[in-house]
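Chain residues, written in single-letter form:
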Amino acid sequence: MSPRLLELARHDALTDSDLVELNQGLLDAIAKSDWDTYAALVAPDLSCLEPEAKGQVVEGLDFHRYYFDYFKAQAAADGAPAGPPPNTTLASPNVRWMCGGEAAVLCYARLIQRGTTTIVTEETRVWEWSLIGATIMYGSEAATVARARRTDAAPARATHQLTFSNHRPQWVRLVGNTVVFFRESQQEEAPIPFTLKDGSSWRWRLVHFHRSEPAK
């Protein structure tokens, strides 16, 4: 990932233009088949609705990784000199901030130029200031941060779940660099400081997108 994109992704207070620039960097990574940058800017449980999914909501990254690998292998098999990557332009972007500035919805028309052909799609992308997929350390424990799926068992103030290698997941509330656990009564325990492992960090991540072709 370029230093500029990494700086944007790790900056907690983005402007509208910053978010558009971050989203542009993600789309440029797709055009260049740059999986490392793509994976660094999306949540591991990314969900989507797009034409390739044939009306289904797809979660996770395996569905998307297939296309990166397919087109890279196809280019290598052709043996032809690589031409310029497709050029992507965002037209009429509109940003709506939510959750006190910790999430945003970005809508736009995406123009993709391949040679003399231009393809237009309509896209909505949801970005979130997130630790999902990161590994945190507290005391002697290591845990992976996962999305808090709302169920009857979930404490009302839980923001995430922590998954462990040696015992069941736990509901927690993450506040800055502290983790708050819940008792069985759903009362909160005292905050515990945590550290981030292996380059993990709070960052902006794409958590959902919807892509469609304009009605003809």
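An account of the accompanying structure is given in this report. (Residues numbered from 1 in each chain as written. Predicted model: local features only at pLDDT ≥ 70, side-chain atom pairs only at ≥ 80, totals over all residues. Heavy atoms only, no water.)

## Some words on the side chain of Asp-45
1) Next: Its location among the elements puts Asp-45 in strand 1 (residues 42-49).
2) Next: Here the side chain of Asp-45 touches Arg-147 through a polar contact of 2.9 Å, side chain to side chain.
3) Next: With residues up to four places along the chain from it excluded, the contact list for Asp-45 reads Glu-59, Gly-60, Ile-132, Arg-147 and Val-207. (Helix = DSSP H or I, 4+ residues; strand = E, 2+ residues; numbered from the N terminus. Polar contact = N/O pair within 3.5 Å; in protein donor to acceptor, adjacent residues only side chain to side chain. Contact = heavy atoms within 4.5 Å.)

## Points about the packing of aromatic side chains
1) Next: Applying the stated criterion to the full structure yields eleven aromatic pairs.
2) Next: Arranged with centres 5.7 Å apart and planes meeting at 75 degrees, the rings of Phe-63 and Tyr-67 form a pair that is edge-to-face. In this pair, Phe-63 and Tyr-67 are both assigned in helix 4 (residues 62-78), four residues apart and thus about one turn of the helix distant.
3) Next: Every member of this aromatic cluster is reached through a ring pair, and the members are Phe-63, Tyr-66, Tyr-67, Tyr-70 and Phe-71. (Phe/Tyr/Trp six-rings, centres within 6.5 Å; stacked < 30°, edge-to-face > 60°.)

## What to know about the layout of surface pockets
1) Next: Taken as a whole, the largest pocket spans an internal volume of roughly 1,200 Å³.
2) Next: Those elements that place two or more of their residues in the lining of the largest pocket are helix 2 (16-31), helix 4, strand 4 (103-114), strand 5 (117-130) and strand 13 (203-212).
3) Next: Here the element with the most residues in the lining of the largest pocket is helix 4; it accounts for eight residues.
4) Next: In the lining of the largest pocket, the residues fall into 18 nonpolar, six polar and ten charged.
5) Next: Considering the residues around the second largest pocket, the lining is formed by 24 residues, among which Glu-128, Trp-129, Ile-132, Thr-159 and His-160 are closest to the centre.
6) Next: Contributions of two or more residues to the lining of the second largest pocket are made by strand 1, strand 5, strand 7 (141-147) and strand 13.
7) Next: The element that contributes the greatest number of residues to the lining of the second largest pocket is strand 5, accounting for five residues.
8) Next: Across the lining of the second largest pocket, the residue classes tally to 13 nonpolar, six polar and five charged. (1 Å grid on protein atoms, 1.4 Å probe; cavity = no way out; pocket = protein on both sides within 12 Å on 5 of 7 lines; lining within 4 Å. Points joined across faces, edges and corners; volume = space filled by probe spheres on them. Nonpolar A, V, L, I, M, F, W, Y, C, P; charged D, E, K, R; others polar.)

## What about the pairing of strand 8 (residues 160-163)?
1) Next: The pairing of strand 7 with strand 8 spans four bridges and is classified as antiparallel. Within the sheet, the bridge partner assigned to Arg-147 lies in strand 8 and is His-160.
2) Next: The pairing of strand 8 with strand 9 (residues 170-175) spans three bridges and is classified as antiparallel. Looking at strand 9, one finds that His-160 is bridged to Val-172.
3) Next: Here strand 8 folds back onto strand 9, and the loop between the two strands holds six residues. (Pairing = 2+ DSSP bridges.)

## Section: the sheet that holds strand 11 (residues 192-193)
1) Next: Read across the open sheet, the seven strands follow the order 11-10-9-8-7-6-12; overall the sheet is antiparallel. Because the sheet does not close on itself, it has two edges, and the strands there are strand 11 and strand 12 (195-197).

## Topic: the sheet that holds strand 1
1) Next: One open sheet holds the six strands; their spatial order is 2-1-13-5-4-3, and the pairing between them is mixed. The open sheet terminates on both sides in strands that have one partner only, identified here as strand 2 (58-59) and strand 3 (87-98).
2) Next: Here strand 1 pairs with strand 13 via four bridges, running parallel. Within strand 13, the residue paired with Cys-48 across the bridge is Phe-209.

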